[in-house]
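Structural description and commentary
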Amino acid sequence: MENKEIILQNLQHIYTRIAETCLKAGRNKEDVRLLLATKTQDADTIKIALDAGEKLIGENKVQEYTEKWEELKDYNIERHFIGHLQTNKIKEIIKYVTCIESVDRIDLAQKLSAKLVSENKTMEIYIEVNTSEEDSKSGVSPENAIALIQQIKALPNIQITGLMTIGKPSENPEGTRFCFQILRKLKEEAQAQNLLPQNCALSMGMSHDLEVAIEEGSTIVRVGSAIFGNRNYAK
Ligand SMILES: *Cc1c(COP(=O)(O)O)cnc(C)c1O
């Protein structure tokens, strides 16, 4: 099969997985959005999914937005940033995205806020939480998350509208469930303190574990390899 047919078929399969899980969990499938995790994919490959009607993408590296910008800039889509963000890349990333899902420390939030103020812009952000508490992972620890949200809420021109996590890698998706539960409970705790909006997003679940994430309340699943195939980092 041609690349295009495979991608279209994969997309359909993802929507079936989302719909079946929502049905079982008693949720509306419209309440779960699909974010295409497009890292390492070239613009032509991404265009196949966008031409099929996809509306939300996320890159992990600022440079990948830069490289693909000319070819993708005319699409009327939402663009998020989902990777580790260095403060020296703030100036560039705010040209491309409407939401940074991976804010995990106060100095990043302060510098982002200051830059947005100076450019008279605003931006939505999510707080990335390291729910698996692996040293290798970005994200604020669950026990420090509420304090970070409180600090960031005081900053101008950024608005916290969601929480994001990458679950613990596990052979069996059930092994990741506790991560999604931690994120959902944090959301509920922060909402009870009026720190997060009632329609706060929960960005959690990937190719391998989106069912478990949806069962735990995910509103955005970030899917890469189940749509585009295995990534080729050598390219
Ligand atoms: C790569 C990536 C994904 C998608 O992972 P797949 O397993 O390919 O679906 C989701 N979120 C983040 C932050 C990623 O880096």
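Note that the structure is a prediction, hence the values are computed from the model and not measured.

Reading the values: rules and limits
Residues numbered from 1 in each chain as written. Predicted model: local features only at pLDDT ≥ 70, side-chain atom pairs only at ≥ 80, totals over all residues. Heavy atoms only, no water. Helix = DSSP H or I, 4+ residues; strand = E, 2+ residues; numbered from the N terminus. Phe/Tyr/Trp six-rings, centres within 6.5 Å; stacked < 30°, edge-to-face > 60°. Buried < 20%, exposed > 50% of the residue type's maximum accessible area, 1.4 Å probe, protein only. Expected span 1.5 Å × (residues − 1). Arc of directions from axis to C-beta. Contact = heavy atoms within 4.5 Å. Axes fitted to C-alpha atoms, helices over the stretch in contact; angles between N-to-C directions. Parallel < 35°, antiparallel > 145°, perpendicular 65-115°, else oblique. Left-handed = near helix turned anticlockwise from the far one by under 90°. Nonpolar A, V, L, I, M, F, W, Y, C, P; charged D, E, K, R; others polar.

1. Some points on the environment of His 13
By the element assignment, His 13 lies in helix 1 (residues 3-25). Along the primary structure His 13 and Gln 191 are separated by 178 residues, whereas in three dimensions their C-alpha atoms are 34 Å apart.

2. Side note on the packing of aromatic side chains
One pass over the full model with this rule turns up two aromatic pairs. Where Tyr 65 meets Tyr 96, the ring centres are 5.8 Å apart and the plane angle is 20°; that geometry is what we call stacked. Remark: Tyr 96 occurs in the loop between helix 4 (90-93) and strand 4 (99-103) and Tyr 65 occurs in helix 3 (residues 62-72); sequence separation between them is 31 residues. An identical accessibility class is assigned to Tyr 65 and Tyr 96; each is buried. Each member of the aromatic cluster is reached from another via a ring pair, and the members are Tyr 65, Trp 69 and Tyr 96.

3. Examining helix 6 (residues 142-153)
In a regular helix each residue adds 1.5 Å, so twelve residues correspond to 16 Å; helix 6 covers 17 Å between its end C-alpha atoms and thus fits that length. Every buried residue belonging to helix 6 is among Pro 142, Ala 145, Ile 146, Leu 148, Ile 149 and Ile 152, and all of these are buried. Down the axis of helix 6, the buried set is contained in an arc of 165°. They therefore lie on one face. Summarising the contacts, the buried residues of helix 6 are in contact with strand 4, helix 5 (106-118), strand 5 (123-128), strand 6 (158-164) and helix 7 (177-192).

4. Considerations on the packing of helix 2 (residues 43-51) against helix 3
As a packed pair, helix 2 and helix 3 sit with axes 10 Å apart at the nearest point and diverge in direction by 55°. Relative to helix 3, the element helix 2 lies oblique. Where helix 2 crosses over helix 3, the handedness of that crossing is right-handed. Across the interface between the two elements, Ala 43, Asp 44, Ile 46, Lys 47 and Leu 50 from helix 2 touch Lys 68, Glu 71 and Leu 72 from helix 3. Grouping the constituent residues of the contact of helix 2 with helix 3 by class yields four nonpolar, no polar and four charged.

5. Here's the deal with the packing of helix 1 against helix 2
Remark: helix 1 packs on helix 2, axes separated minimally by 10 Å, with the N-to-C direction vectors making an angle of 50°. Between helix 1 and helix 2, the angle is such that the two are oblique. Note on packing geometry: the crossing formed by helix 1 with helix 2 is right-handed. Here Asn 3, Lys 4, Ile 7, Leu 8 and Leu 11 of helix 1 lie close against helix 2, whose contacting residues are Thr 45, Ile 48 and Ala 49. Its residues placed into classes, the contact of helix 1 with helix 2 shows five nonpolar, two polar and one charged.

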